[in-house]
Amino acid sequence: MILKAIEALNDNNGSNKSSISKHIESTYGDLPAGHSALLTHHLNKMKDSGELVFWKNNYMKPDPNAPPRRGRGRPPKPKEPLPPGLDLGPARPRGRPPKDPNAPPKPSKVKISTGSGKPRGRPRKMARPSGGLGGTAMAKERHQDWKP
């Protein structure tokens, strides 16, 4: 249907989706409710398979003499076939393998001293004396008695 509609419309630049839809509706009459969704699906399917070429929002039949269009990006490397007698077996699952519940527990590491008696890291803060901000009780009394 789609190819017949494109041939019948015979535009040099191809036919857009709405003109293809109108031609199919006028030719075949009563269409199902999901016609536009079906048309979009089949146009995309035909575009991906190479039956149609999509260019500037128009669909057209591919030119038989034109070279095939390459996709964007770097093409993948060709894969070398494996020798016929080689069997790879099942593929490994993703992620970290689970722990074996029957495995014996690992021995704990023994701490080796470095030889010096100093502990590692920054030393702990010393507790502050409870005397306040560095003043004595006598200095506070003198300050309260002072008058200008």
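Residues numbered from 1 in each chain as written. Predicted model: local features only at pLDDT ≥ 70, side-chain atom pairs only at ≥ 80, totals over all residues. Heavy atoms only, no water.

A. Representation of the overall build of the protein chain in the model. Scanning the protein chain from N- to C-terminus turns up 4 helices and 2 strands. Reading the protein chain from its N terminus to its C terminus gives the helix and strand order α-α-α-β-β-α. Looking at the protein chain residue by residue over its 148 residues, the buried ones come to 11%. The long-range fraction of contacts in the protein chain, counting pairs at least 24 apart against all pairs at least 6 apart in sequence, stands at 41%. Accessible surface, the protein chain: about 15100 Å² in total, of which carbon and sulfur atoms supply 55%. (Helix = DSSP H or I, 4+ residues; strand = E, 2+ residues; numbered from the N terminus. Buried < 20%, exposed > 50% of the residue type's maximum accessible area, 1.4 Å probe, protein only. Contact = heavy atoms within 4.5 Å. Areas by Shrake-Rupley, 256 points an atom, 1.4 Å probe, with all protein chains shown as cover.)

B. Inspection of the confidence of the model for the protein chain at higher detail. Mean pLDDT over the protein chain: 79, with 84% of residues reaching 70 or higher. At the level of individual helices and strands, the protein chain shows its lowest average pLDDT in helix 4 (residues 137-145), which scores 56, and its highest in helix 3 (residues 35-49), which scores 86. (pLDDT = per-residue confidence, 0-100.)

C. Just the packing of helix 1 (residues 2-9) against helix 2 (residues 17-28), in detail. In the contact formed by helix 1 and helix 2, the axes pass within 9 Å of each other and the chain directions differ by 100°. Comparing the axis directions of helix 1 and helix 2 gives the class roughly perpendicular. Facing helix 1, whose interface residues are Ile2, Lys4, Ala5, Ile6, Ala8 and Leu9, helix 2 presents Ser19, Ile20, His23, Ile24 and Tyr28. Classifying every residue of the contact of helix 1 with helix 2 by side-chain character gives 8 nonpolar, 2 polar and 1 charged. (Axes fitted to C-alpha atoms, helices over the stretch in contact; angles between N-to-C directions. Parallel < 35°, antiparallel > 145°, perpendicular 65-115°, else oblique. Nonpolar A, V, L, I, M, F, W, Y, C, P; charged D, E, K, R; others polar.)

D. How the structure looks around a nonpolar patch on the surface. On the surface, Leu82, Leu86 and Leu88 cluster together to form a nonpolar patch covering roughly 330 Å² of accessible area. Inspection of the secondary structure assignment puts Leu86 in the loop between strand 2 (58-60) and helix 4. (Patch = residues over 30% accessible without salt bridge, like charges linked within 9 Å, V, L, I, M, F, W, Y side chains within 5 Å. Salt bridge = Lys/Arg side-chain N within 4 Å of Asp/Glu carboxyl O.)

E. Broad picture of unusual backbone geometry. Backbone geometry at Asn57 places phi at a positive 65°, although glycine is not the residue there. Topologically, Asn57 is positioned in the loop between strand 1 (53-55) and strand 2. The exposed category is assigned to Asn57, whose relative accessible area is 53%.

F. Representation of the side chain of Asn58 within the structure. Examined against the element boundaries, Asn58 turns out to sit in strand 2. At 3.4 Å, the side chain of Asn58 and the backbone nitrogen of Asn16 are in polar contact. (Polar contact = N/O pair within 3.5 Å; in protein donor to acceptor, adjacent residues only side chain to side chain.)

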